Amino acid sequence: MKSSRRSFIKKTTALGAAASLSSLPFSLLGNTQVNPIKIGIIGLDTSHAPAFTKLFNAENPKPELAGFRVVAAYPYGSRDIKSSMDRIPGYIDQVKEQGVEIVDSIEALLQKVDVVLLETNDGKPHLEQARAVFKAKKPVFIDKPVAGSFADAVKIYQEAEAAGVPMFSCSSLRYQTNVHAVRHENKIGKVLACDAFSPATLEPSHPDLFWYGIHGVEILFTAMGPGCESVTRFSTPDAEVVVGTWKDGRIGTFRGMRSGKHDYGGTAFGTEGNLFFGPFEGYEPLVVQIAEFFRTKKSPIDSRETLEIYAFMEAADESKRRGGDSVRLDTILKN
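Conventions used here
- Counting of residues starts from 1 at the beginning of each chain's written sequence and follows it residue by residue.
- In keeping with the predicted nature of the model, local features appear solely for residues at pLDDT of at least 70, side-chain atom pairs appear and are counted solely at 80 or more, and the whole-chain, interface and lining totals rest on all residues.
- Calculation of side-chain values draws on the structure's entire complement of heavy atoms; hydrogens and water are dropped beforehand.
- Axis lines are fitted to C-alpha atoms, over the contacting stretch for helices. Their N-to-C directions set the angle, which ranges from 0 to 180 degrees.
- Each helix is a run of DSSP H or I of at least 4 residues and each strand a run of E of at least 2, with the numbering of both proceeding from the N terminus.
- The scheme is simple: roughly parallel for angles under 35 degrees, roughly antiparallel for over 145, roughly perpendicular for 65 to 115, oblique for anything else.
- Residue contacts follow a heavy-atom distance rule, with two residues in contact if any of their heavy atoms lie within 4.5 Å.
- Throughout this entry, Asp, Glu, Lys and Arg are counted as charged residues, while Ala, Val, Leu, Ile, Met, Phe, Trp, Tyr, Cys and Pro are counted as nonpolar. The remaining residues, Gly among them, count as polar.
- Every helix has an expected span of 1.5 Å times one less than the residues it contains.
- Throughout this description, buried means an accessible area under 20% of the type-specific maximum (1.4 Å probe, protein chains only), exposed means over 50%, and partly exposed covers the range between.
- When DSSP finds two or more bridges between two strands, those strands count as paired.
- Per-residue confidence from the prediction method is given by pLDDT, with values spanning 0 to 100.

1. Regarding the packing of helix H2 (residues 48-56) against helix H4 (residues 88-97)
Logical step 1: The contact between H2 and H4 brings their axes to 9 Å, and the two run at 5°. Taken together, the axes of H2 and H4 lie roughly parallel to each other. Along the contact surface, H2 presents Ala 49, Pro 50 and Thr 53, while H4 presents Tyr 91, Gln 94 and Val 95.
Logical step 2: For the contact of H2 with H4, the class distribution of residues is four nonpolar, two polar and no charged.

2. Things to note about helix H7 (residues 150-163)
Logical step 1: With 14 residues, H7 extends 20 Å from end C-alpha to end C-alpha; this agrees with the ideal 20 Å at 1.5 Å per step.
Logical step 2: All buried positions along H7 are accounted for by Phe 150, Asp 152, Ala 153, Val 154, Ile 156, Tyr 157, Gln 158, Ala 160 and Ala 163.
Logical step 3: Of the residues trailing H7, Gly 164 is marked for its positive phi of about 70°.

3. Digging into the sheet that holds strand S14 (residues 273-277)
Logical step 1: With mixed pairing, seven strands are arranged side by side in an open sheet as S14-S13-S9-S12-S11-S10-S15. Because the sheet does not close on itself, it has two edges, and the strands there are S14 and strand S15 (327-328).
Logical step 2: Here strand S13 (residues 265-270) runs beside S14; their pairing, made up of five bridges, is antiparallel. When the bridges of S14 are listed, Ala 268 appears paired with Leu 275.
Logical step 3: The strands that helix H8 (residues 177-184) touches are strand S9 (191-199), S13 and S14; relative to S14, the one it contacts most, it runs at about 145°.
Logical step 4: Across the sheet, helix H10 (residues 214-224) touches S9, strand S10 (228-236), strand S11 (239-246), strand S12 (251-257), S13 and S14, and the angle it forms with S9 is around 165°.

4. Details of the confidence of the model for the chain
Logical step 1: Across the chain, the average pLDDT comes to 92, with 90% of residues at or above 70.
Logical step 2: Between residues 12-32, whose pLDDT stays under 50, and residues either more than four places distant or in other chains, the model counts 44 contacts.

5. Comments concerning unusual backbone geometry
Logical step 1: The omega torsion across Tyr 76 and Gly 77 is 15°, close enough to zero to call that bond cis.
Logical step 2: Positionally, Gly 77 belongs in the loop between strand S4 (68-74) and helix H3 (82-85).
Logical step 3: The step from Lys 144 to Pro 145 runs through a cis peptide bond, and the omega angle for that step is -15°.
Logical step 4: Relative to the elements of secondary structure, Pro 145 occurs in the loop between strand S7 (140-142) and H7.
Logical step 5: In this structure, Lys 137 takes a positive phi of about 65° despite not being glycine.

Take a look at the structure:
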């Protein structure tokens, strides 16, 4: 198992690159929806579910979102995290108002849809839920956290590749305007460093940063790119500071807050200037990326980078257990 995980992470993969677009029953002619791509949602325990539905099912959607419709949803979702469970009845009502059918099983959902948004707020059931989707050969976006543990995250990517099913996962913060521009538009030249921040509320059933710190960590990695070598974490009841050292000597930091105003952002420092990230701009930039993924069946994010993000957070937990000692990411990736 250890060798298979190690070889998987080191491989360059392009999940679903060979998949044919001709199998999808849709036409994308302006805003006209003829046999739209039918989207199914697993998990109505997060605000993302009604928000994404509203964007896809709008009467006059953005051109990038034309040709799609959320048609069905399976509500569960977490069954043991109260803050998530309590949201489900209200979110059922909200998506039903958007014309979405509520079904009583993932299997029933998969019979009605072409692609899947796995939105369950609780990462623990993601592996089991994703396996059903992989078996049905449906492209899937898995919302953060990709899983409730690093080991499960690796299994999800391994099993998606083995099944030949396109998938990707990320936080919506990856696609905020300035974050995206630093990575893809050479906005400040070569990035020399980044300080990112986000809320970092905790859920006892998940590694500390998986639950909410993922947002700021995703900002950090989008700006810096992969290649983090080691992690050191400083933790108090109200805050986290995680310092990452990259292989080329650059340093990036994540600050997670559990008191004060919840906000998202950071600063990237480059050879041609510095740029502030924030405030949060909403979900539309991510949903546009999801739509493009459903059209092309090509993930916009290398799976190795996503797994490195989760290894970074797992290493931060290990650093905390060791009282703030530095932890190398390769010790996590090789386990």
